[in-house]
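# Summary of the model geometry
What follows is the residue order along each chain.
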Amino acid sequence: MTTMLKPGERLDDLQRCGYRIIQSPQKFCFGMDAVLLSSFARAGQRDRLLDLGTGTGILLLLMEAKYRCGHLTGLEIQAESADMAARSVALNGLTDKIEIVAGDIKEADRIFPSASFDCITCNPPYMIGQHGLTNPEEPKAIARHEIMCTFEDVARQTARLLKPGGHFFLVHRPFRLAEIMITLTRYKLEPKRMRLVYPYADKEPNMVLLEAVRGGRPRLTVEKPMIIYRKPGVYTSEISGIYEF
């Protein structure tokens, strides 16, 4: 199995159905946000799922392990990340269920047919533009900053590719929540469910999980807060349960 690794890469155990993922610490490794999004999202066994900006394919593997979707597709603009994702898919024997496509989110509607997915997931870049970047071409910078696409690009393409009544799941930062809500509704992606994530019970939230429905009726459910740590280095029982799934 290690013959599938390239210099600087490592193989990590996801503790999900025996699945493993190829990552490169020098490039980018998945974080807690991807794990929490896979727990928050919902999908059926017949659903066709698209992950926009899939990176090394972490959400695809987590969603397949939890929901056994009918078919999953990951779109990724960075060739190295797409290659790692494709090798992870092959490593786990999932090439018949998961497809990795190298391409630009802004051109997703040219790559895939309109209204062809039941659900779409996205862990988009959180930071606006290139502010404070020394090298905007670094993989980590592209993953964290809106260099290659904006949130509006994500919403526009999601609206075109989701089936009517299809579900969109994303994780983002609370400081952009007003903009996110306005953008979603502009593209008729009605916010239906929201959950704020707090590092500690007495701290401000640092993540927000959202579900929107294409063409849904206005009604938003705000779920109870998710708390990550009971004390430094000790997860709450909920977070422990998510990781032990």
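Scroll up to find the structure.
About the criteria used
Residues numbered from 1 in each chain as written. Predicted model: local features only at pLDDT ≥ 70, side-chain atom pairs only at ≥ 80, totals over all residues. Heavy atoms only, no water. Salt bridge = Lys/Arg side-chain N within 4 Å of Asp/Glu carboxyl O. Helix = DSSP H or I, 4+ residues; strand = E, 2+ residues; numbered from the N terminus. Buried < 20%, exposed > 50% of the residue type's maximum accessible area, 1.4 Å probe, protein only.

Turning our attention to the pattern of salt bridges. Within the structure shown, the criterion is met by 16 salt bridges. Linking glutamate 64 and arginine 68 is a salt bridge whose minimum nitrogen-to-oxygen distance equals 3.0 Å. Between arginine 160 and aspartate 109 there is a salt bridge, and its shortest N-O distance comes to 2.7 Å. One end of the pair, arginine 160, is in helix α6 (residues 151–161); the other, aspartate 109, is in helix α4 (residues 108–111), with 51 residues separating them in the sequence. Judged by its relative accessible area of 39%, arginine 160 is partly exposed. Connected via shared salt-bridge partners are Lys6, Glu9, Asp83 and Arg87.

Turning to helix α2 (residues 58–67), a few remarks are in order. By the criterion of burial, α2 is predominantly enclosed, with 9 of the 10 residues buried. Buried within α2 are the following residues: Ile58, Leu59, Leu60, Leu61, Leu62, Met63, Glu64, Ala65 and Tyr67.

Positionally, glycine 215 belongs in the loop between β9 (207–214) and β10 (221–222). Classification of glycine 215 by relative accessible area gives exposed; the value is 62%. Measuring from C-alpha to C-alpha, the distance between glycine 215 and lysine 163 comes to 9.4 Å, with 52 residues separating the pair along the chain.

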